[in-house]
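Architecture and fold: a report
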Amino acid sequence: MSSESVVADEIEAPADAAVNRRVSRRWLALLGVLLAVAAAYTGGYLTPALRAPGDHSPEAGFARDMSTHHAQAVDMAMMAYPKATLPEVRILAADIAMTQENQIGVMHTWLLNWHDSVNSLDPPMSWMPDGPEALHDGLMPGMATPQEMDKLRNATGKDVDILFCQLMLRHHLGGIHMVDGVLAVSHNQQVRDLATAMKTGQSGEVEVMHHLLDQLGAKPLS
């Protein structure tokens, strides 16, 4: 063997050893990542984020029930908008109709993406621990009765402003109760973000309606 070959072998040997050390370090790093992922799954940190809420989950129940709750608010707002005497009431009605119709669309999209039923045979509010107790004559918290809806539909003049604010104030307070219920049990970030936005928006509108009722010389419903 020539001296050049010996030198070449001596150069390649350390180089091969360095490559082997780098490869070994990469495999060890990859193994560490895999072990960390396995530990996260075992601890339940990743699995909930990757698993869509099921058909009987609090998130699906909230999406269905709040969609129904919102639909009545949209109906009331559309009744009041063309007939209210105060511009502030008309603006409020328009804002509620557009906001809650959009939120219904978001919640229906959740259900479709989760492959859950848009409609369910589950009783209303069954997703909340105290849900059944919150029902009043089968209606979810704050919802108007058919008779109250007819009264708003047939109202004229100042009565439109008063009745709309009274019914919607109670409706919003019931909706906030439902929002608090899902925030207490859900870890789904999409649901928590929308629910928090609902609470913020409706709490502000509650203050507006209290002010409007004072201006109209009326009181909230008991």
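What comes next concerns the included structure. Quantities reported herein were computed from a predicted structural model and do not represent experimental measurements.

Moving on, we come to the packing of helix α6 (residues 146–154) against helix α7 (residues 158–185). At a closest axis distance of 9 Å, the pairing of α6 and α7 adopts a crossing angle of 150°. Between α6 and α7, the interaxial angle falls into the category roughly antiparallel. Like other packed secondary-structure pairs, α6 and α7 cross with a definite hand, here left-handed. Across the interface between the two elements, Glu 148, Lys 151 and Leu 152 of α6 pack against Val 160, Leu 163, Phe 164, Leu 167 and Arg 170 of α7. Tallied by class, the residues present in the contact of α6 with α7 amount to five nonpolar, no polar and three charged.

A few words now on unusual backbone geometry. Both trends apply: most residues other than glycine have a negative phi, and most peptide bonds are in trans. Phi angles above zero are rare outside glycine, and Met 125 is one such case at about 70°. Looking at the secondary structure, you find Met 125 in the loop between α4 (87–113) and α5 (131–134). We note that Asp 137 has phi near 55°; this positive angle belongs to a residue other than glycine. For Asp 137, the position within the fold is in the loop between α5 and α6. Residue Asp 137 is classed as exposed on the basis of its relative accessible area, which comes to 71%.

If you walk through the whole model with that rule in mind, you get two aromatic pairs. Here Phe 62 and Trp 127 contribute two aromatic rings whose centre-to-centre distance is 5.6 Å and whose plane-to-plane angle is 85°, an arrangement assigned as edge-to-face. Residue Phe 62 is found in helix α3 (residues 58–80), and its partner Trp 127 is found in the loop between α4 and α5; the two are separated by 65 residues along the sequence. A residue is classified by how much of its surface remains accessible, and Trp 127, at 9% relative accessible area, is buried. Summarising the aromatic geometry, the rings of Trp 110 and Trp 114 are spaced 5.6 Å apart at their centres and angled 20° between planes, so their arrangement reads as stacked. Just as Trp 110 is buried, Trp 114 falls in that class too.

Definitions and limits used
Residues numbered from 1 in each chain as written. Predicted model: local features only at pLDDT ≥ 70, side-chain atom pairs only at ≥ 80, totals over all residues. Heavy atoms only, no water. Axes fitted to C-alpha atoms, helices over the stretch in contact; angles between N-to-C directions. Helix = DSSP H or I, 4+ residues; strand = E, 2+ residues; numbered from the N terminus. Parallel < 35°, antiparallel > 145°, perpendicular 65-115°, else oblique. Left-handed = near helix turned anticlockwise from the far one by under 90°. Contact = heavy atoms within 4.5 Å. Nonpolar A, V, L, I, M, F, W, Y, C, P; charged D, E, K, R; others polar. Buried < 20%, exposed > 50% of the residue type's maximum accessible area, 1.4 Å probe, protein only. Phe/Tyr/Trp six-rings, centres within 6.5 Å; stacked < 30°, edge-to-face > 60°.

It is worth stressing that arrangement in space is one thing and function is another; only the former is reported here.
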